[in-house]
Amino acid sequence: MTLCQLFLQPDAAYSCISELGELGIVQFRDLNPNVNSFQRKYVNEVRRCEEMERKLRFLETEIKKDELPIYDPEDNPDAPKPREMIDLEATFEKLDHELKEINTNADALLRNFNELTELKHNLTMTQGFFDDAEMAFTPAHNRNQRDSDDDQVQLLYEYSMISHNKLGFITGVVPRERMVAFERMLWRVCRGNVFLRQAEIPELIEDPVSGEKLHKTVFVVFFQGEQLKNRVQKICEGFRANIYPCPENPHERRELAMGVMTRLEDLTVVLSQTQDHRQRVLAATSRNLRTWQIKVKKIKAIYHTMNMFNNDVARKCLIAECWAPVSELDRIQLALRKGSEASGGGTVSSVLNRMVTREQPPTHHKLNKFTQGFQNLVDAYGVATYREINPMPFVLITFPFLFAVMFGDAGHGILVTIFALWMVLKERSLKDKWRNQEVWTIFFGGRYIILLMGIFSIYTGIIYNDVFSKSLNIFGSSWRVRFGDDTLAKHDSVMLEPTPYNYTRSGDYRQMFSGTPYPIGLDPVWQLADNKITYTNSVKMKFAIIIGITQMGFGLFLSLWNHLHFNHRHAIYLEFLPQIIFLACIFFYLIILIFYKWTSFDGSKATDAPSLLIHLINMILFSYKTDPPSAAVFYTGQKQFQTFLILLAVLCVPWMLLGKPIYRIVMNKRRANRGVVLDADVRDTDTEDMLDDEHSHQQHHQHEVEMSEVWVEQGIHTIEYFLGCISHTASYLRLWALSLAHAQLSEVLWHMILHLGLSMNGYGGAIASFFVFMPWSSLTVFILLLMEGLSAFLHALRLHWVEFQSKFYKGEGYPFVPFSFRLLLDEAPVEA
Amino acid sequence: MEKFAITLIIFTVFWGLIGIVLPFLIPKGQNKRLIQVMLTLTSACCWLFWLCFYLHQWKPLFGPQLKRDNARIIRSLWGSEF
């Protein structure tokens, strides 16, 4: 990784940056950090881009409103030239304007249409009222009318006869739900001096003002006098009833009705044509929408980047600073040349110049879609310091393996693998689906992790001999029951004889264990044994300790590799050696004891078998008793050898605590005596930046390291390491604990749920089995797969972050985030 | 005893082939080192796991405790001979 300076011609700058964006391997630095974003050079262009994006968003909402499909472009459109930007702006402006116009027109037409519809209904209904009223004037004929109308019409007739005055009326339309309140209000305000008739409009009408579809009622109010008229009008306004003029003359009314009908027909036609036009415009837009969005994003990104550059007026060029990997410098030069040629082939091409710096470069790991997930796991704890060893290739295997040790069920492993395989095989089509569901994106992003976890779980499930809490007997068990009927009748439960040869003097001995263990995994007889857990506890705990200490030792060797890479010779002798000797003396010795116990003690000496935990504790406490037999020494010279180991281990503590600070004191003295550092040991950055390493590092180490800081830091490191050794070893026992919990949960589900259904006989049993499957399967998925899976994932991750990585990983770097169009476009979430 | 040794050798050779021999046969490419590390680590972890369970069952200190009915069923299903 090297810091580069780019000198760009202003005309060529745009296309050069465009080429670099397509390449995606440089990270630009902001050279104007103190400049307000509104005062930067290209702020106008960025503003124009944002305006274009706003118009595109508006178009997108309109397209989505009409539920038209948006066409996704297959290929990646290039960033357009600056001249094209003006064309794009004009196109968007035109489309925007056109669509807004269509919308306004459509709204006005719709309102008109609704008003006319209401008027039509109004006229139809009031026609009915006045017909009734006229019919009442014909005496004595057709008295077979309905009663209620009869009364009302009689009233009207009488009233008009009596008063000889013209009755005024107002007709209108009011929402049905307000009709009752409207009537009551009219009655109260006008003291019963108005006459209201109403008729409901059967179909839903769209209100011209609010746009909702409502049930409405047509009403006509008859009154006499100006005052009442005013009051009625005010009440109508208050209830937001739409008042429509209605001519008294029936002839005029009919003409008005005809007119309204024709106008309604015309409006319908115009409305549908407007909608068609709108669809056409939107369909044409939807074909290009995504391409335009990508282009505008790229333009904006380029101008943002160019805002970070320094405008050198004297030399008439733009200066940019960027981090770039040394191995990619050729490709970058090529891209710059392409950019310069594309923008018109200026006489002077852009120049790339490597700079030297003491700053820590960003950390760049070359990843593919498989390793990306695991790198995210490691980076979540901390990004690797520049050039230190990346734990990811090792975590790639050990993490799924430790997960599987805790998950350990082949049946569940198969389910997890199938789920992961589906995600991996259908990668391309699933990539952009459900982008808003965060839980799904998390699962999908970790599909390769889940796949490996599933595969390893199948393997550990086979070794634990656990398939949905049942065991498989493929090779034939190594145990046989050789008890006679009389023994079985006497005892409720029997324990099989573990020693495969006759170690008793008596003839009662019967061989029940073949002497050869079951070839792959746990013997199937243990599934039926009452003391299965006692047996498996022992082996799972021992394995957890073995794998834990192995992983920690591996971490220490990685730290050795780091020291060798950075050429910290002193660290090897003063840090690595005490650490590894301490670990070896106590914990590698423990592993050797475990293997010794496994191979030397069989059933005949079961009572004499040493308890390794007691022996470890006694070793540290220097206490050697002879009883109980499990605490007595079991090989000659054990006491002396163990004492030696403990003393050696204890010596490592001051070795590590004092070694490095004393070294620093000596170095400081030497530096004070001489003027310049000639020690090769003190270089500590990568040897590839050979430009002027020595010079810069001499300057770096000229100033003295503060001694108190060194003492405190070393004290912390020492305590952390030595206490950590013991606590981390015990921490690995969670591998045993979680696998026990998983196995027990699995067994509970079997015994309490599935077993109930399967153990019933007959037809009832068949039905019960069917019904019992649902709770069993849903509990398996939710509790065992999801909850236990998450739990094991978390614990395996913690084991890596804390127990493994604390042995060698510093994690103080910052990630390399290149200017890349691909990254930019991938990250942008699809709008809901 | 012989069966024990044979099984031990078979599995050690199996995982040894995967973890020690196969890495040399990976063709040159972008991911050669990564695949080598993956194969070695996988075979080391899996072999160690298998080995621990195998050794633990070689000389058991106690046998399975079976309920009377289970013992009878096993005796009739698996027989009394090895």
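No experiment lies behind these values; they were computed from the predicted model shown.

Peer 1: What should I look at first to understand the pattern of salt bridges in this one?
Peer 2: If the charged atoms of two oppositely charged side chains come close together, the side chains can form a pair. Residue and element names in this part refer to chain A. By the definition in use, this model includes 29 salt bridges over all chains. Linking Glu50 and Lys300 is a salt bridge whose minimum nitrogen-to-oxygen distance equals 3.2 Å. Placement of Glu50 in helix 2 (residues 43-65) and of Lys300 in helix 7 (residues 250-307) is noted, with a sequence separation of 250 residues between them. Glu50 gets classed as partly exposed once you look at its relative accessible area, which sits at 41%. Note that Glu575 is salt-bridged to Lys660, the shortest N-O span being 3.4 Å. Of this pair, Glu575 sits in helix 17 (residues 569-600) while Lys660 is found in helix 19 (residues 638-673), placing the two residues 85 residues apart along the sequence. The class of Lys660 is buried, set by a relative accessible area of 18%. One continuous salt-bridge network, built from bridges that share partners, spans Glu51, Arg54, Lys55 and Glu93.

Peer 1: For this particular structure, what's the right way to read the UniProt feature "coiled-coil region" (unreviewed entry) in chain A?
Peer 2: Mapped onto the present numbering, the UniProt feature "coiled-coil region" (unreviewed entry) falls at residues 35-119 of chain A. Here residues 35-119 of chain A runs as 72% helix and 0% strand, with 64 Å between its end C-alpha atoms.

Peer 1: How do you make sense of the sheet that holds strand 7 (residues 216-223) of chain A when you look at a structure like this?
Peer 2: Sheet strands pair via backbone hydrogen bonds, and the direction of the pair is either parallel or antiparallel. Residues and elements named next belong to chain A. Taken in spatial order, the four strands make up an open sheet running 4-7-3-8, and their pairing is antiparallel. Of all strands in the sheet, those bounded by a partner on one side alone are strand 4 (195-200) and strand 8 (242-244). Sheet twist, expressed as the average angle between the axes of neighbouring strands with direction ignored, equals 25 degrees. Where strand 4 and strand 7 come together, six bridges link them in antiparallel fashion. Bridge pairing in strand 7 links Gln198 to Phe219. Along the sheet face, helix 5 (residues 179-189) touches strand 3 (168-175), strand 4 and strand 7 and points at about 170 degrees away from the line of strand 4. The strands touched by helix 6 (residues 226-238) are strand 3, strand 7 and strand 8; relative to strand 7, the strand with the most contacts, the crossing angle is about 165 degrees.

Peer 1: I tried to follow the packing of helix 11 (residues 410-425) of chain A against helix 14 (residues 447-464) of chain A on my own but got confused; where do I start?
Peer 2: The geometry of a pair of packed helices is captured by two quantities: the angle between their axes and the separation between those axes. All names here are of chain A. Between helix 11 and helix 14, the least distance of the axes is 8 Å, while the angle of their chain directions is 155 degrees. It follows from the interaxial angle that helix 11 and helix 14 lie roughly antiparallel. For the pair helix 11 and helix 14, the crossing hand works out as left-handed. On helix 14, the residues that touch Ala410, Gly413, Ile414, Val416, Thr417, Ala420, Leu421, Met423 and Val424 of helix 11 are Arg447, Tyr448, Ile450, Leu451, Gly454, Ile455, Ser457, Ile458, Gly461 and Ile462. In terms of residue class, the contact of helix 11 with helix 14 is made up of 13 nonpolar, five polar and one charged.

Peer 1: Hey, could you run me through the interface of chain B and chain A in this one?
Peer 2: As a measure of interface size, the accessible area lost when the parts come together is often cited. Between chain B and chain A, the contact holds 44 residues from the first and 72 residues from the second. One can count four salt bridges joining chain B with chain A. In this structure, Arg72(B) and Asp485(A) form a salt bridge, with 3.5 Å as the shortest nitrogen-oxygen distance. Applying the counting criterion to the chain B and chain A interface returns 22 residue pairs in polar contact (both at pLDDT 80 or more). When residues of the side of chain B that touches chain A are traced back to their parent elements, those giving at least two are helix 1 (2-21), helix 2 (32-58), strand 1 (65-67) and helix 3 (68-78) of chain B. A total of 18 residues in the side of chain B that touches chain A trace back to one element, the largest contributor, which is helix 2 of chain B. The pairing of strand 12 (residues 493-495) of chain A with strand 1 of chain B spans three bridges and is antiparallel. From the neighbouring strand, Val494(A) faces strand 1 of chain B, where its bridge partner is Leu66(B).

Peer 1: I'm lost on the pairing of strand 10 (residues 317-324) of chain A in this one. Help?
Peer 2: For a regular strand, the rule is simple: side chains alternate between the two faces of the sheet. All names here are of chain A. When you tally the buried positions in strand 10, you get eight out of eight residues, the bulk of the element. Relative to strand 10, strand 1 (residues 2-8) is paired through seven bridges, and the arrangement is antiparallel. Note on strand 10: the bridge partner recorded for Gln5 is Glu321. Direction of pairing for strand 2 (residues 27-28) relative to strand 10: antiparallel, over a ladder of two bridges. Paired with Gln27 across the bridge in strand 10 is Trp323. Sheet analysis places strand 9 (residues 310-312) next to strand 10, joined by three bridges and oriented antiparallel. Across the sheet, residue Asp312 finds its bridge partner in strand 10, namely Cys317.

Peer 1: Whenever I open this one, the confidence of the model for chain A confuses me. Can you help?
Peer 2: If pLDDT is low for a region, its predicted coordinates should not be looked at in detail. Here chain A averages 87 in pLDDT, while 91% of its residues score no lower than 70. Predicted confidence for residues 679-702 of chain A stays below pLDDT 50, and this span has 35 contacts to residues more than four positions away or in other chains.

About the criteria used
Residues numbered from 1 in each chain as written. Chains lettered and ligands numbered in written order. Predicted model: local features only at pLDDT ≥ 70, side-chain atom pairs only at ≥ 80, totals over all residues. Heavy atoms only, no water. Salt bridge = Lys/Arg side-chain N within 4 Å of Asp/Glu carboxyl O. Helix = DSSP H or I, 4+ residues; strand = E, 2+ residues; numbered from the N terminus. Buried < 20%, exposed > 50% of the residue type's maximum accessible area, 1.4 Å probe, protein only. UniProt positions renumbered as here; feature names shortened; annotations may be inferred. Pairing = 2+ DSSP bridges. Axes fitted to C-alpha atoms, helices over the stretch in contact; angles between N-to-C directions. Contact = heavy atoms within 4.5 Å. Parallel < 35°, antiparallel > 145°, perpendicular 65-115°, else oblique. Left-handed = near helix turned anticlockwise from the far one by under 90°. Nonpolar A, V, L, I, M, F, W, Y, C, P; charged D, E, K, R; others polar. Polar contact = N/O pair within 3.5 Å; in protein donor to acceptor, adjacent residues only side chain to side chain. pLDDT = per-residue confidence, 0-100.

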